[in-house]
Amino acid sequence: MGPPGAGKGTQSARLVAKYGVPQLSTGDMLRAAVKAGAPIGRQAKAIMDRGDLVPDDVVVGAIGQRLEAPDAANGFILDGFPRTVAQAHSLDALLKEKGLRLDAVIELVVDERALLARMEMRVNETIAGGGVVRADDNPLSFKSRLEAYRAQTAPVSAYYAGKGELKQVDGMAPVDAVSAAIEAALADR
Ligand code: AMP
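Remember, it's a predicted structure, so these values are computed and weren't measured experimentally.

Novice: Help me understand the overall build of the protein chain, please; the structure alone is not making it clear to me.
Specialist: Regarding its fold elements, the protein chain presents eight helices and four strands. Computed over the C-alpha atoms, the radius of gyration of the protein chain is 16 Å, within 12% of the 16 Å expected from 2.2 N^0.38 for a compact globule of 189 residues. Accessible surface computed for the protein chain: about 10200 Å², of which carbon and sulfur atoms make up 57%. Within the protein chain, the 24 negative side-chain charges are centred at a point lying 2 Å from the centre of the 23 positive side-chain charges.

Shown next as structure tokens:
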């Protein structure tokens, strides 16, 4: 968990390499659906572009389906899901149905003032690498994404903290130090 620009994607990629389990990112799934012109994508595109959250049933359905894939049989990293307390409840139900449990919930704690600059850095790196900049990586949408995080996703941290499952890591530290702190959090459970 963590607001946009906290480093979830970067750290997830490292965990994928280390543990050989897939990263299940609802944002990536939705962007793929938009690109493919799939019905879910058509429903989600405008919402995503302006930085709001897509409806819970859309992402819960997508995650439920994705968890069935063979590559998720030995574990997975959830990135960007759950983002509302209702999604967290749906995830509880999905995991229970499958006889699974979360090993850990990790939150990257960051200074919000640094996030806009991080987003701008990502945009510049994408342009320099010849890639396509995300439609929601602009200051206006970014502001909405941050507001959505504060209003709808911060309560999810509180939900997991209440269950004693939340591990907070300093997301302002250098990338390698954040990875080390995540490893320590995973070992300490
Ligand atoms: P992300 O790649 O995680 O930053 O997600 C990009 C956008 O996809 C978000 O701003 C939302 O519009 C949408 N999205 C991704 N995951 C979720 C989710 N779990 N619930 C609702 N909307 C989501």
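Right, picking up where we left off after that structure.
Novice: Looking at this structure, I do not really get the pairing of strand S3 (residues 105–109). What am I missing?
Specialist: As a general feature of sheets, a regular strand has side chains that alternate between the two faces. Of all five residues that make up S3, four are buried, and the element is covered over most of its length. Of the pairings in the sheet, the one linking S3 to strand S4 (residues 166–170) comprises five bridges and is parallel in character. What sits directly across from Val-105, in S4, is Leu-166.

Novice: In this structure, what is going on with helix H3 (residues 39–50)? I would like to understand it.
Specialist: Residue pairs three or four apart in sequence face the same way in an α-helix, which turns once every 3.6 residues. Buried residues of H3: Gly-41, Ala-44, Ile-47 and Met-48, and no others. Buried residues in H3, looked at end-on, bunch into an arc of 140°, giving them a common side. Structural note: H3 exposes Pro-39 and Arg-42 on the side pointing more than 90 degrees away from its buried face. Where the residues of H3 are buried, they touch helix H2 (26–36). Immediately beyond the C-terminal end of H3, within one or two residues, lies Gly-51, with a positive phi of roughly 90°.

Novice: Before we go on, may I ask you to explain the site of the ligand in this structure?
Specialist: Around the ligand there are 16 residues in total, and Thr-26, Arg-31, Asp-52, Gly-80 and Gln-87 lie nearest to it. Interatomic distance of 2.7 Å between a side-chain N/O atom of Thr-26 and a nitrogen atom of the ligand. Between the ligand and the protein, one listed contact pairs an oxygen atom with a backbone N or O atom of Asp-52 at 2.5 Å. Its free accessible area being 480 Å², the ligand has 96% of it covered by the protein chains.

Novice: Teacher, can you tell me more about the packing of H2 against H3 here?
Specialist: The N-to-C vectors of H2 and H3 enclose an angle of 115°; their axes lie 8 Å apart at closest approach. As summarised for this structure, H2 and H3 are arranged roughly perpendicular, according to the angle between their axes. Viewed along their axes, H2 and H3 form a crossing whose handedness is left-handed. Here Gly-27, Leu-30, Arg-31, Ala-33 and Val-34 of H2 come into contact with H3, specifically with Ile-40, Gly-41, Ala-44, Lys-45 and Met-48.

Novice: Looking at this structure, I do not really get the side chain of Ser-25. What am I missing?
Specialist: Within the secondary structure, Ser-25 is located in strand S1 (residues 23–25). When its relative accessible area of 7% is taken as the criterion, Ser-25 is described as buried.

Novice: Looking at this model, I keep getting lost on the packing of helix H1 (residues 8–19) against helix H8 (residues 175–187). Mind explaining?
Specialist: Geometry of a packed helix pair, given as the angle between the helix axes and the separation of the axes. Two elements in contact, H1 and H8, have axes separated by 10 Å at closest approach and are oriented at 60°. Classified by the interaxial angle, the pair formed by H1 and H8 is oblique. In the crossing of H1 with H8, the sense of the turn from one axis to the other is right-handed. For the pair H1 and H8, contact is made by Thr-10, Gln-11, Arg-14, Leu-15, Lys-18 and Tyr-19 and by Val-175, Asp-176, Val-178, Ser-179, Ile-182, Glu-183 and Leu-186, respectively. Residue classes in the contact of H1 with H8 are distributed as six nonpolar, three polar and four charged.

Novice: What is the right way to look at the nonpolar core in this model?
Specialist: Grouped burial of nonpolar side chains is what soluble globular proteins tend to show. In this structure, Met-1, Leu-30, Val-54, Ile-63, Phe-81 and Tyr-160 are the most contacted members of the largest nonpolar core, which totals 23 residues. If sequence neighbours within four positions are ignored, Phe-81 has contacts with Thr-26, Val-59, Val-60, Ile-63, Gln-87 and Leu-91. Listed in part, the 17 residues of the second largest apolar core include Leu-146, Val-178, Ala-185 and Leu-186.

Calculation rules
- Residues numbered from 1 in each chain as written.
- Predicted model: local features only at pLDDT ≥ 70, side-chain atom pairs only at ≥ 80, totals over all residues.
- Heavy atoms only, no water.
- Helix = DSSP H or I, 4+ residues; strand = E, 2+ residues; numbered from the N terminus.
- Rg over C-alpha atoms; globule rule 2.2 N^0.38 Å.
- Areas by Shrake-Rupley, 256 points an atom, 1.4 Å probe, with all protein chains shown as cover.
- Lys, Arg positive; Asp, Glu negative; His and termini not counted.
- Charge placed at Lys NZ, Arg CZ, Asp CG, Glu CD.
- Buried < 20%, exposed > 50% of the residue type's maximum accessible area, 1.4 Å probe, protein only.
- Pairing = 2+ DSSP bridges.
- Arc of directions from axis to C-beta.
- Contact = heavy atoms within 4.5 Å.
- Near = heavy atom within 4 Å.
- Polar contact = N/O pair within 3.5 Å; in protein donor to acceptor, adjacent residues only side chain to side chain.
- Axes fitted to C-alpha atoms, helices over the stretch in contact; angles between N-to-C directions.
- Parallel < 35°, antiparallel > 145°, perpendicular 65-115°, else oblique.
- Left-handed = near helix turned anticlockwise from the far one by under 90°.
- Nonpolar A, V, L, I, M, F, W, Y, C, P; charged D, E, K, R; others polar.
- Core = buried A, V, L, I, M, F, W, Y, C linked by side-chain atoms within 4.5 Å.

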